[in-house]
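# Inside the fold
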Amino acid sequence: MWFTLILLVSISKFVLCSDGDRSPFYNQCLKNCNNENCTKENQFKPHAAAMQDIWSKISWWTCVDECRYNCMWKTVQGFEERGFSTPKFHGKWPFRKIIGVQEPASTFASLLNLAVHASMYHEIIKQFPIKTTPIVLFWHVFAIVCMNAWIWSTIFHTKDNYFTEFMDYACALSMVIALFVAAVLRVFHKRRKLCAVALLATVVYFVEHVRYLYTGRIDYDYNMLVNICFGVAGSVIWLLWAGVQYISGRRECWWLVAFTLASGAALTLELLDFPPLYGWDAHALWHLATVPLPLLFYRFVIDDLNYLKTIPSGKSSLKST
């Protein structure tokens, strides 16, 4: 639930126009730069090719992108010289790009999240090979979904455009939905028909939702609502189940509770929303704060799978099929 709320706060920042991109100075600068340096095909005119380095070329920076970046910093300088606070541009704080990376801090933190998921997935592979059981297979798929989401988060923060934004939102939602599906499958694993129907319906809905998002301009409000529904539902199921299991003596379920509470604590970083300090804004620090969270969740997953091994074969879902 808290993960979803954090995501929604983040998304809301990209939806609205900001003081920087609304300013006449910025828009006039952008118009002049485009006319002087860019062709109608968004290519650099011969005399303007030197304004882009090799790293920006690799990171898909177009001529218009370079004009936006340069005019952004000229506008920031103008604001600061007049005693105004640092403005946002299209819902984002201004960042100095490094080797073509648009948001270096968030990109770095996303890579750390990817590395932690990959490390914990390696632990699952070592202890629970894919071929063992359906529930183990699901956790393999779950880890892959999460790693894919952080790959696209890294790409999106490296260079923001329509496609990378779409993929970041779609894959971030896939993590929220995967956590919901995980809760349903684990808590109701004995009711196999219910689990099968829930899994199929959720996958079909996700595919249709992603198709809808890519039909035109991203519908942020609808996407936020979907995140809320799946995020809250999944968190409620996990917390209620973990509470019952902990009371009954399964102390390892505290990992699951700690994961949810720690995710809630990270929410405060997004609510603070301050300008970048040494390249780190609240959003980047949130990404950094989420790095240890997979350690808590996958620790629960591993302990839970080991617990299922101890249950007699007639009662456990952790048996080969």
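Residues numbered from 1 in each chain as written. Predicted model: local features only at pLDDT ≥ 70, side-chain atom pairs only at ≥ 80, totals over all residues. Heavy atoms only, no water.

## As for unusual backbone geometry
For Trp-60, which is not glycine, the phi dihedral falls at a positive 70 degrees. A positive phi is found at Tyr-278, a non-glycine position, where the angle reads about 55 degrees. Along the chain, Tyr-278 turns up in the loop between helix H11 (254-272) and helix H12 (282-289). (Helix = DSSP H or I, 4+ residues; strand = E, 2+ residues; numbered from the N terminus.)

## Quick word on the state of the cysteines
What the rule picks out here adds up to 3 disulfides. Two residues share a disulfide in this structure: Cys-38 and Cys-63, whose sulfurs sit 1.9 Å from each other. Torsion about the S-S bond of the Cys-38 and Cys-63 cystine: about -85 degrees, corresponding to left-handed handedness. Separated by 25 residues along the polypeptide, Cys-38 in the loop between helix H3 (24-37) and helix H4 (54-58) and Cys-63 in helix H5 (residues 63-81) bring together distant segments of the chain. With respect to class, Cys-38 is no different from Cys-63; both count as buried. Sequence-ordered numbering of the bonded cysteines in the protein gives a pairing of 1-6, 2-5, 3-4. Here Cys-229 stays free of any disulfide, with the sulfur of Cys-146 as its closest cysteine sulfur at 20 Å. (Disulfide = S-S within 2.5 Å. Buried < 20%, exposed > 50% of the residue type's maximum accessible area, 1.4 Å probe, protein only.)

## So, the packing of aromatic side chains
Per the counting criterion, the structure on display carries 23 aromatic pairs. Relative to Phe-163, the ring of Trp-152 has its centre 5.6 Å away and its plane inclined at 85 degrees; by these criteria the two rings are edge-to-face. Of this pair, Trp-152 sits in helix H7 (residues 134-158) while Phe-163 sits in helix H8 (residues 162-187), placing them 11 residues apart in sequence. Accessibility expressed as a relative area gives 17% for Trp-152, which makes it buried. Taking the ring centre of Trp-73 as reference, the NZ or CZ of Arg-96 above it sits at 3.7 Å. Of note, Arg-251 hangs over the ring of Tyr-246, and the distance from its end group to the ring centre comes to 4.5 Å. (Phe/Tyr/Trp six-rings, centres within 6.5 Å; stacked < 30°, edge-to-face > 60°. Lys NZ or Arg CZ within 6 Å of the ring centre and 35° of its normal.)

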